[in-house]
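Here are the chains, one letter per residue:
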Amino acid sequence: MPQRHQTPTVRLRQLARALRQLRESSDLSREGVAEITSMNRATLYRIETAQVRPQVRTLKTLMDVYQVAEPRRTELLAILKAANEQGWLQTAVDLPQQYATYIGFEEEAQRILNYESLFMPGLLQTEEYARAATVGTGPTLPKDEVENRVVARMSRQERRDPPLVVWAIIDEATLHRQVGGPRVMREQLQRLIDASLDPHVTLQVVPFGAGAHPGMRGSFVILQFPEEHHHDVVYIETSTSDLFLESQEDVARYSLEFEHLRAVSISPDATRDLIADVLSNMK
């Protein structure tokens, strides 16, 4: 079984970045802070790279050293408190750690760019399509885990305030793959048409005529966060583990790939017409 690694939450990354910036603006090295506070330098490094959550007393000690005043002190303490709390969906159902981590990121995201080469985007799936896809790709999954994943997927689609902005691109092959059979696919295609009318959803299809394109290497999601979080995250799901890419180079590379996919896709209006045509011809 592959080893699973804890992935920092968005709030923990936010706190780590703030503490690192405060130390640097105080013109202190990690060695200097360790000497002042008697804190292990390795521990400080792990805090500043979001590998561990600092205790409240540790955070207060660091803020004292950096001479952090109100209201910033209260803001950082609130971020730490939020970082220690699991998202509502993660506590509602029992999910694999990596999937629960992704859900936590998605809850914090402001905008999602999603390319799918084989499946309908999770946020646009019907319940029956989600169940058929989960069973089909995980034939050995226990029934309760299948249901937990379906419940989680449906819960992710609930309305948010402010709404999550979604830009989804799918390969045309996804429209023709009969996941769950004709009836399930008819309902799923209608779901796509309905979703495409939502002002917060943009849906495009890469047509067969586009030939080879960057998305043939596989699906991915770019999670974009509000301004105060700054760093976006790329999520890639594989059969053995899930990857969260956070470096600026990785995010820039996948953002460029998404732009290429937008360029070779047909327009949202043409996409809606194509889906309607596939639906009308489905037996």
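See the structure above.
Rules used throughout
- Along each chain, residue indices are assigned from 1 in the same order as the chain's sequence is written.
- Per-residue local features are limited, in this predicted model, to residues with pLDDT of at least 70; the limit for side-chain atom pairs, both in listing and counting, is 80 or more; totals at the level of whole chains, interfaces and linings are taken over all residues.
- The side-chain quantities take in all heavy atoms of the structure and omit both hydrogens and water.
- By the convention used here, strands pair only if DSSP detects at least 2 bridges between them.
- By the criteria applied, helices consist of DSSP H or I runs no shorter than four residues and strands consist of E runs no shorter than two, each listed in order from the N terminus.
- Helix axes are fitted only over the stretch in contact, all axes being lines through C-alpha atoms; the angle between N-to-C directions runs from 0 to 180 degrees.
- Residue contacts are counted whenever heavy atoms from the two residues lie within 4.5 Å of one another.
- To pair, rings of Phe, Tyr and Trp, with the six-membered ring standing in for Trp, must have centres within 6.5 Å; the planes then decide the type, stacked if under 30 degrees apart, edge-to-face if over 60, and tilted in the middle.
- Burial classes: relative accessible area under 20% of the type maximum marks a residue as buried, over 50% as exposed, and values in between as partly exposed (1.4 Å probe, protein chains only).
- Charge-over-ring contacts are defined here by two conditions on Lys NZ or Arg CZ: a distance within 6 Å of the ring centre and an angle within 35 degrees of the ring normal.

(A) Representation of the sheet that holds strand E6 (residues 242-245) in the model. Read from one edge of the open sheet, six strands run E3-E2-E1-E4-E5-E6, paired in mixed fashion. The open sheet has two edge strands with one neighbour each: strand E3 (201-206) and E6. For this sheet, the mean angle separating the axes of adjacent strands, direction not counted, is 15°. Running over the sheet, helix H12 (residues 248-264) touches strand E1 (111-116), strand E2 (165-171), E3, strand E4 (220-224), strand E5 (233-237) and E6 and is turned about 110° from E4.

(B) The arrangement of the packing of aromatic side chains in detail. A complete count under the given rule lists seven aromatic pairs for this structure. Residues Phe-105 and Phe-225 carry aromatic rings whose centres are separated by 6.1 Å and whose planes lie at 75° to one another, so their mutual orientation is edge-to-face. One end of the pair, Phe-105, is in helix H7 (residues 97-108); the other, Phe-225, is in the loop between E4 and E5, and 120 residues separate them in sequence. With respect to burial, Phe-105 and Phe-225 carry one shared label: buried. Linked through ring pairs, Tyr-102, Phe-105, Phe-225, Tyr-235 and Phe-244 together constitute an aromatic cluster. If you follow Arg-262 out to its NZ or CZ, it ends over the ring of Trp-167, 4.0 Å from the centre.

(C) Expanded view of the pairing of E3. Of all six residues in E3, six are buried; the element is thus mostly enclosed. Alternating residues of E3 divide into Val-201, Leu-203 and Val-205 and Thr-202, Gln-204 and Val-206, and every residue in both groups is buried. Note: E2 against E3, six bridges, orientation parallel. Bridging across to E3, Ala-168 finds its partner in Leu-203.

(D) Summary view of the pairing of E4. The buried fraction of E4 is high, at five of five residues. Residues Phe-220, Ile-222 and Gln-224 point to one face of E4 and Val-221 and Leu-223 to the other, with burial holding for every one of them. Bridging between E1 and E4 involves five bridges; their strand directions are antiparallel. Looking at the pairing, Leu-113 lines up with Ile-222 of E4. In terms of strand pairing, E4 meets E5 through three bridges, oriented antiparallel. Pairing of Val-221 across the sheet is with Tyr-235, part of E5.

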